[in-house]
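Inside the fold
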Amino acid sequence: MEKSSFDEKRFLKKMLEESALEPGNDFLSKVTQRIKKKNPLPEYLYKPVISFKAWILMSFGFVLLIAFVVSQAPETKAGPLNEYLTPVFSAVQNLQLPLSVNPFVAVILFSISLLLLLDFYIKQKQKG
Amino acid sequence: MNLLNDETFVIKAKAGDETAYAFLVNRYKSQAFNLAYRILRNREDAEEVAQDAFIKVYEKLHQFRSESKFSTWLYRIVYNTSISKTRIKKLDYIEIQNEDGEEVNFEAVSYDFDRLAAAERKIYISKSLESLPEDESFIISLYYMEDCSTEEIADITSLSISNVKVKLFRARKKLHTELTLLLKNEVKTLL
């Protein structure tokens with residue numbers, strides 16, 4: 001007996017494919033949105049390089065340094081304001097001396113100060 | 001061979017490439033939606049379940065070891081999510097011995113079917129598929145539409161291969177009976 005060439009699997013596949021439905025046009029965007037909602041990107045949190053305590057300690061150290069410089073300065077016969085300021089100026093002049101010798105050091109110190117200031121500014125802004 | 005194989009996109013998606021995952025969603029959205037629809041029989045629910053399945057897949061992507069095909073893994077998640085949604089029982093194991101071994105032939109059905117307009121055909125197929133139990137409708141779709149082997153279907157549904165074969169046989173038989181009946185009625189109306 002001749003065997004039928006009818007391909008049942010093919011017929012059923014075609015038949016089922018004809019009945020297939022399509023999901024909504026926004027299916028992909030809905031999935032993407034839901035994934036983003038469930039797994040949001042981690043928010044960037046600024047962590048200051050120098051903590052608040054460190055800033056207080058540094059300020060305290062700076063005040064101590066000034067006080068030390070003032071106390072070590074020689075006595076002058078100038079007015080009361082000059083009496084206090086002259087040693088500070090001379091101390092600053094002393095500090096400037098090595099900087100003028102090596103501009104590379106000056107650039108490094110300037111950059112560090114700038115970064116510290118920036119760090120302080122960002123920290124303050126974040127608090128606000 | 002599929003040039004843009006799933007494996008490549010899975011690796012990229014695992015590495016955090018969202019576009020690669022979007023590609024996989026686009027590739028399988030219709031299949032996932034239709035399979036969910038076979039169980040839920042409601043468009044809105046099927047769409048929601050298919051979306052849920054894709055989100056679960058994304059979350060568990062790092063667990064996927066490529067031991068099975070990506071599609072098999074996805075269909076298993078679609079199946080489990082659909083079952084959870086309907087709260088119906090998982091596919092039951094059946095007594096194979098009780099099955100009637102009589103084969104069905106779709107050849108006559110196909111001749112009548114070809115004479116129908118596309119829209120009518122769609123209605124009849126939908127009607128006959130809805131007459132099947134959800135699990136059989138799901139299995140028959142996996143086998144004929146998605147070209148899954150009985151082994152893959154067994155993996156997806158957690159049934160034994162012999163149970164899958166019996167369920168497929170039953171589904172084909174019911175589908176044949178339903179289609180024959182519907183087409184007979186169609187002829188009667190025409191007459």
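Residues numbered from 1 in each chain as written. Chains lettered and ligands numbered in written order. Predicted model: local features only at pLDDT ≥ 70, side-chain atom pairs only at ≥ 80, totals over all residues. Heavy atoms only, no water.

Let's talk about helix 1 (residues 6-14) of chain B
Residue and element names in this part refer to chain B. Residues of helix 1 that are buried include every one of Asp6, Phe9, Val10 and Ala13, and no others. One side of helix 1 carries all its buried residues, which in axial view fall inside an arc of 105°. Of the surrounding secondary structure, the elements contacted by the buried residues of helix 1 are helix 2 (18-40) and helix 4 (70-86). Here helix 1 starts with a cap whose side-chain oxygen sits 3.1 Å from the backbone nitrogen of glutamate 7, and that cap is asparagine 5. Of the residues flanking the end of helix 1, it is glycine 16, one or two places downstream, whose phi is positive at about 100°. (Buried < 20%, exposed > 50% of the residue type's maximum accessible area, 1.4 Å probe, protein only. Helix = DSSP H or I, 4+ residues; strand = E, 2+ residues; numbered from the N terminus. Arc of directions from axis to C-beta. Contact = heavy atoms within 4.5 Å. Polar contact = N/O pair within 3.5 Å; in protein donor to acceptor, adjacent residues only side chain to side chain.)

Quick notes on the nonpolar core
What tends to happen in soluble globular proteins is that the nonpolar side chains get buried as a cluster. Grouped together as the largest cluster of nonpolar side chains are 66 residues, with contacts concentrated most on B:Tyr21, B:Phe54, B:Phe70, B:Phe113 and B:Leu175. Looking at this core, the element that brings in the most residues is helix 2 of chain B, giving 12 residues. Once you skip the residues sitting within four places of it in the chain, B:Leu175 turns out to touch A:Leu12, A:Met15, B:Phe106, B:Ser128, B:Leu129, B:Leu132 and B:Ile140. (Core = buried A, V, L, I, M, F, W, Y, C linked by side-chain atoms within 4.5 Å.)

Things to note about helix 7 (residues 134-145) of chain B
Residue and element names in this part refer to chain B. Here helix 7 spans 16 Å end to end across 12 residues, near enough to the 16 Å set by a 1.5 Å rise per residue. The buried fraction of helix 7 is high, at 10 of 12 residues. Three or more residues of helix 7 are buried, namely Asp135, Glu136, Ser137, Phe138, Ile139, Ile140, Ser141, Leu142, Tyr144 and Met145. Count one or two residues on from helix 7 and you reach aspartate 147, which has phi positive near 55°. (Expected span 1.5 Å × (residues − 1).)

Remarks on the interface of chain B and chain A
Tallying the contact residues gives 44 residues for chain B and 28 residues for chain A. Where chain B abuts chain A, roughly 3,300 Å² becomes buried across the two surfaces, and 63% of that area is made up of carbon and sulfur atoms. When the buried surface of chain B facing chain A is broken down by residue, B:Gln51, B:Ile55 and B:Tyr144 rank first, second and third, together holding 18% of it. Counting every contact that joins chain B to chain A gives five salt bridges. Residue A:Glu8 is joined to B:Arg172 by a salt bridge in which the shortest nitrogen-to-oxygen separation is 2.7 Å. One can count 11 residue pairs in polar contact (both at pLDDT 80 or more) joining chain B with chain A. For the side of chain B that touches chain A, the secondary structure elements donating two or more residues are helix 2, helix 3 (43-59), helix 5 (107-114), helix 6 (118-130), helix 7 and helix 9 (161-190) of chain B. (Buried area = accessible area lost by both parts, 1.4 Å probe. Salt bridge = Lys/Arg side-chain N within 4 Å of Asp/Glu carboxyl O.)

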